[in-house]
Amino acid sequence: MAAEPQNPPATAVNRRAFLARISFALAAAMGAVIGLPIVGFLIGPLLSKIPGVWRRVGAVESFPIGATVQVTFLDPSPLAWAGTTAQTAAWLRRDGYDSFIAFEVNCTHLGCPVRWLPKADLFMCPCHGGVYYDDGRVAAGPPPKPLFRYPTRVRGGQVEILASAVRMG
């Protein structure tokens, strides 16, 4: 006579199913504990907008009429540990007595820094050959848009730029 296979008792099957469910629940909870901060880190900047801040860049009389110069100022959202990287720049041109135009230094193609070429009256991106006219319009190369402009104002004899996050293309 052949021996019949013995089935485990019903309590063992229920215990095994219970422990499997507990293991899956604990794994899911640990995945959520680890995953939610990562998702928040990736999505958070997309949902929060950094407000612009007016930054002084110099006295009105320090900028000659018709000249385009590079000015530096504090980023609108500096971190405590940022150090010198919290400084950003803009190209500022004085068009008249109280009239200023400020351009971001970043090319609208890939964000490379543009240079001002005073003899040619052009901005140029040395990385990919982007060229902009003195008013920021695209003259040649791959940039899809003109240089972004910062709003400017004069208050108390000081030129101020409304600093905002760097925009790309």
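To keep things clear, this report deals only with the structure shown in the data block. (Residues numbered from 1 in each chain as written. Predicted model: local features only at pLDDT ≥ 70, side-chain atom pairs only at ≥ 80, totals over all residues. Heavy atoms only, no water.)

Right, let's talk about the pairing of strand β4 (residues 100-104) for a bit. A large share of β4 lies buried, amounting to five of its five residues. Of the two faces of β4, the one lined by F100, A102 and E104 and the one lined by I101 and F103 are each fully buried. Where strand β3 (residues 87-94) meets β4, five bridges bridge the pair, whose relative direction is antiparallel. The residue bridging R93 from the neighbouring strand is I101, located in β4. The loop that links β3 with its antiparallel partner β4 comprises five residues. Looking at chain direction, β4 and strand β9 (residues 149-150) are connected through two bridges and run antiparallel. Note on β9: the bridge partner recorded for A102 is Y150. (Buried < 20%, exposed > 50% of the residue type's maximum accessible area, 1.4 Å probe, protein only. Helix = DSSP H or I, 4+ residues; strand = E, 2+ residues; numbered from the N terminus. Pairing = 2+ DSSP bridges.)

Let's shift gears to the packing of aromatic side chains. Enumeration according to the criterion identifies five aromatic pairs in this entry. Between W116 and F123, the ring centres sit 4.7 Å apart and the planes meet at 55°, which makes this aromatic pair tilted. Lying across the ring of W54, R153 places its NZ or CZ 4.0 Å from the centre. (Phe/Tyr/Trp six-rings, centres within 6.5 Å; stacked < 30°, edge-to-face > 60°. Lys NZ or Arg CZ within 6 Å of the ring centre and 35° of its normal.)

Time to look at the sheet that holds β4. On the basis of which strands lie adjacent, the open sheet formed by four strands has the order β2-β3-β4-β9 and antiparallel pairing. Strand pairing shows two members of the sheet lacking a second neighbour, β2 (68-74) and β9, which therefore form its edges.

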